[in-house]
Amino acid sequence: MAAELYERVWAVVKRIPRGKVATYGQIAALVGMPRHARQAGYALAATPENRKIPWHRVINAQGKISLRLKRWESGSDDLQRILLEAEGVLFDSTGKVDLKRFRWQPESAPEKSKR
DNA sequence: CTACTGACTGATC
DNA sequence: TGATCAGCCAGTA
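Predicted model, so just to flag it, every value in this text is computed and none were measured. (Residues numbered from 1 in each chain as written. Chains lettered and ligands numbered in written order. Predicted model: local features only at pLDDT ≥ 70, side-chain atom pairs only at ≥ 80, totals over all residues. Heavy atoms only, no water.)

A. Expanded view of the overall build of chain A. The helix and strand tally for chain A stands at five helices and two strands. Along its sequence from the N terminus, chain A presents helices and strands in the succession α-β-α-α-β-α-α. Per-residue burial for chain A yields a buried fraction of 35% across its 115 residues. Summed over all atoms, the accessible surface of chain A reaches about 7,800 Å², with 50% contributed by carbon and sulfur. (Helix = DSSP H or I, 4+ residues; strand = E, 2+ residues; numbered from the N terminus. Buried < 20%, exposed > 50% of the residue type's maximum accessible area, 1.4 Å probe, protein only. Areas by Shrake-Rupley, 256 points an atom, 1.4 Å probe, with all protein chains shown as cover.)

B. Quick look at helix 4 (residues 79–87). For helix 4, the set of buried residues is Q80, L84 and E87. The buried residues of helix 4 occupy one face: seen down the axis, they fall within an arc of 60°. Turned more than 90 degrees off the buried face of helix 4, the exposed positions are I82 and A86. Tucked inside the fold, the buried residues of helix 4 contact strand 2 (58–59). Positive phi appears at G88, one or two residues downstream of helix 4, with a value of about 110°. (Arc of directions from axis to C-beta. Contact = heavy atoms within 4.5 Å.)

C. Fine view of the pattern of salt bridges. Inspection of the entire model under this criterion finds four salt bridges. A salt bridge links E87 to R57; the shortest N-O distance between them is 2.6 Å. On the criterion of sequence distance, the pair formed by E87 in helix 4 and R57 in the loop between helix 3 (37–45) and strand 2 is long-range, its members being 30 residues apart. Taking the relative accessible area as the measure of exposure, E87 reaches 13% and is therefore buried. For R57, a relative accessible area of 11% corresponds to the buried category. The closest approach of N and O atoms between K100 and D98, which form a salt bridge, is 3.4 Å. For D98, a relative accessible area of 25% puts it in the partly exposed group. (Salt bridge = Lys/Arg side-chain N within 4 Å of Asp/Glu carboxyl O.)

D. Highlighting the packing of helix 1 (residues 3–15) against helix 3. Interaxial distance between helix 1 and helix 3 falls to 9 Å at its minimum, and their mutual angle equals 80°. Taken together, the axes of helix 1 and helix 3 lie roughly perpendicular to each other. In this structure, helix 1 uses Y6, V9, W10 and V13 to contact helix 3, whose residues at the interface are A40, Y42, A43 and L44. Its residues assigned to classes, the contact of helix 1 with helix 3 shows eight nonpolar, no polar and no charged. (Axes fitted to C-alpha atoms, helices over the stretch in contact; angles between N-to-C directions. Parallel < 35°, antiparallel > 145°, perpendicular 65-115°, else oblique. Nonpolar A, V, L, I, M, F, W, Y, C, P; charged D, E, K, R; others polar.)

Put into structure tokens, the structure is as follows:
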């Protein structure tokens, strides 16, 4: 079952150091799914609270909070954003994170060479 | 098996 | 910067 992949995703997410963030595509690639960003998101969506997973450190490639912003509970605008700011991740005027500075770059994921 | 939807991504306008 | 289009995979109806 894909549940194993989920656990793998969570494991990767847990490896994200405080004050850093990672994109879905990045996580997906780390777990062995180069083009499964969506599924990576699925895994995060299925992340059980009891797992203590810093899911808020996982954002989209645009450096913005995803979640399709469709069902945020009244009152809590951007919980994810608050949590990230609390860890040192800053957002710009457009509400985006400076991936150039806060993107988590795992050793196993050489992300050099200008794209 | 086909169709639709979904925490996405990258390119283009 | 922001919106739109198409591509990708998986789960569910």
